[in-house]
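Residue-level listing of the chains:
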Amino acid sequence: MLKKLFNRLGGHATSAYEDPKEITANHWSENMAGSDAFSPQVYWLAVPEIQKRFCQRACRGSDYPTWVEYCVGTFLNSDGAVFNMLSIGCGSGALERDLFRLNAFHHCDGIDIAPAAIETAIREAVAIGARSIDYRVEDVEKTDLPAGRYDAVWFNGSLHHIRELEVVCERVRRSLKPTGWLFFNEYVGANHFGFGPPQVAAITHAFALIPERYRVSFARGSFGQIQHVVPLPDPIEVVRTDPSEAVRSQDILNVVNDYFDIKTINPCGGSLLQFLLHGIAGNFRQEDPHSMRLLQMLFDIEDGLIESEALKSDFVVVAAKPL
């Protein structure tokens with residue numbers, strides 16, 4: 001979902017002479033989906049109950065099981081028609097494989113800056129016989145896209161890694177057919193996770209409500225220890241680890257609105273839970289009813305703060321048409 005910075009301890013030191021793009025490519029070659037940084041013990045969205053809640057919001061309460069199926073079923077023809085599609089920042093290819101299984105395209109291009117992720121995507125596509133997916137290492141900020149080619153362009157937790165939002169939005173708009181769609185599932189909160197005082201206070205106070213036995217860490221470097229403070233990220237360290245991480249995330253919706261007609265914005269939350277549960281997510285298990293009750297309490301707190309507009313939803317699913 002969000003390709004995010006949750007593996008600082010597994011990162012490497014950077015020097016002032018390193019190319020920021022190379023740092024990003026290396027980081028996401030090492031920390032692609034499926035790595036330890038995205039395990040159910042560490043990563044909030046890997047917890048089944050949180051996944052279920054996120055999906056319900058991403059799909060606007062409909063019966064679709066995933067946001068991808070929601071977008072295909074709601075906004076694209078559902079009569080067996082298939083399309084030409086592009087996935088930008090495809091990572092190891094989970095989105096494209098889902099679309100392939102849905103028979104959603106004639107052809108799909110997948111591009112990403114991380115070579116190892118593309119290698120994995122190619123290998124996994126071959127394993128399921130998905131010959132209609134074409135993967136390549138490519139930086140959408142540096143390479144133009146073919147005009148009028150695609151019926152749908154997708155970003156799955158990758159748009160918040162784009163610095164040149166205006167350039168990329170223009171390229172995506174031109175690459176879409178007049179009837180085409182832009183779909184994304186994205187983090188749209190504070191740049192580099194530099195949260196303001198109200199959000200920091202809300203996360204900190206909610207963390208204090210969690211009993212110690214549910215704050216046992218599964219994170220590398222602190223495994224088995226009780227977390228006494230919430231691990232809020234330092235924006236300087238975020239940039240050092242991956243300069244692209246949430247580089248202009250808070251600008252995404254405004255910039256997209258300049259190039260596209262947004263048809264739906266489905267708020268998915270995450271404004272508290274993303275970092276509140278980082279490293280301790282594995283304590284919240286369905287077989288432990290007390291942990292599920294605590295999780296529901298945290299859901300209610302986050303929902304109440306967003307509904308009262310004390311906080312904005314940090315994650316959204318968007319469907320939009322080119323202007």
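Computed from a predicted model, the values in this text were never measured in an experiment.

1. Details of the side chain of Ser249
Now for step 1: Looking at the element boundaries, Ser249 is found in the loop between helix H8 (235-241) and helix H9 (252-259).
Now for step 2: At a separation of 2.8 Å, a polar atom in the side chain of Ser249 contacts the main-chain carbonyl oxygen of Gly189.
Now for step 3: Those residues within four positions of Ser249 in sequence are excluded, and the remaining contacts are His160, Tyr187, Val188, Gly189, Ala190 and Asn191.

2. Looking at helix H5 (residues 115-127)
Now for step 1: The terminal C-alpha atoms of H5 lie 19 Å apart, and with 13 residues this matches the ideal 18 Å at 1.5 Å per residue to within 8%.
Now for step 2: Along H5, the residues classified as buried are Ala117, Ile118, Thr120, Ala121 and Ala125. All buried residues of H5 fall inside an arc of 160° around its axis, so they share one side. The exposed set on the far side of H5, more than 90 degrees from its buried face, consists of Glu119, Arg123, Val126 and Ala127.
Now for step 3: At the C-terminal side of H5, Gly129 shows a positive phi close to 75°.

3. What about the packing of helix H6 (residues 165-175) against H9?
Now for step 1: As a packed pair, H6 and H9 sit with axes 10 Å apart at the nearest point and diverge in direction by 40°. Judged by the inter-axis angle, H6 sits oblique to H9. Note on packing geometry: the crossing formed by H6 with H9 is right-handed. Within the contact between the two elements, H6 uses Leu165, Glu166, Cys169, Glu170 and Arg173 and H9 uses Ile252, Val255, Val256, Asp258 and Tyr259.
Now for step 2: For the contact of H6 with H9, the per-class residue count stands at 6 nonpolar, no polar and 4 charged.

4. With respect to the sheet that holds strand S2 (residues 105-112)
Now for step 1: The 7 strands lie next to each other as S3-S2-S1-S4-S5-S7-S6, forming an open sheet whose pairing is mixed. Looking at strand neighbours, the two that pair on one side only are strand S3 (133-137) and strand S6 (260-269), the edges of this open sheet. Between one strand and the next, the sheet's axes are offset by a mean angle of 15°, whatever the strand orientation.
Now for step 2: Judged from the 6 bridges that link them, strand S1 (residues 83-88) and S2 form a sheet pairing that is parallel. The residue bridging Asn84 from the neighbouring strand is His107, located in S2.
Now for step 3: Strand contacts of helix H2 (residues 48-58): strand S5 (176-187), S6 and strand S7 (315-322), with the helix running at about 155° to S6, the strand carrying the most contacts.

5. A look at the confidence of the model for the protein
Now for step 1: Looking at the protein, pLDDT values average 90 and 89% of them are 70 or higher.
Now for step 2: With pLDDT under 50 throughout, residues 1-16 is counted as low confidence; its partners more than four residues away or in other chains account for 58 contacts.

6. Focus on the pairing of S2
Now for step 1: Among the 8 residues of S2, 6 are classified as buried, and the element is accordingly described as predominantly covered.
Now for step 2: The parallel pair S1 and S2 is bridged by helix H4 (residues 94-101), and the resulting crossover is right-handed.
Now for step 3: Bridge count for S2 against S3 is 5 bridges, and the pairing is parallel. The partner of Asp109 across the bridge, within S3, is Asp134.
Now for step 4: Assessed by its sense of winding, the connection that carries the chain from S2 through H5 to S3 is right-handed.

What counts as what
- Residues numbered from 1 in each chain as written.
- Predicted model: local features only at pLDDT ≥ 70, side-chain atom pairs only at ≥ 80, totals over all residues.
- Heavy atoms only, no water.
- Helix = DSSP H or I, 4+ residues; strand = E, 2+ residues; numbered from the N terminus.
- Polar contact = N/O pair within 3.5 Å; in protein donor to acceptor, adjacent residues only side chain to side chain.
- Contact = heavy atoms within 4.5 Å.
- Expected span 1.5 Å × (residues − 1).
- Buried < 20%, exposed > 50% of the residue type's maximum accessible area, 1.4 Å probe, protein only.
- Arc of directions from axis to C-beta.
- Axes fitted to C-alpha atoms, helices over the stretch in contact; angles between N-to-C directions.
- Parallel < 35°, antiparallel > 145°, perpendicular 65-115°, else oblique.
- Left-handed = near helix turned anticlockwise from the far one by under 90°.
- Nonpolar A, V, L, I, M, F, W, Y, C, P; charged D, E, K, R; others polar.
- Pairing = 2+ DSSP bridges.
- pLDDT = per-residue confidence, 0-100.
- Right-handed = clockwise from strand over helix to strand, strands pointing away.

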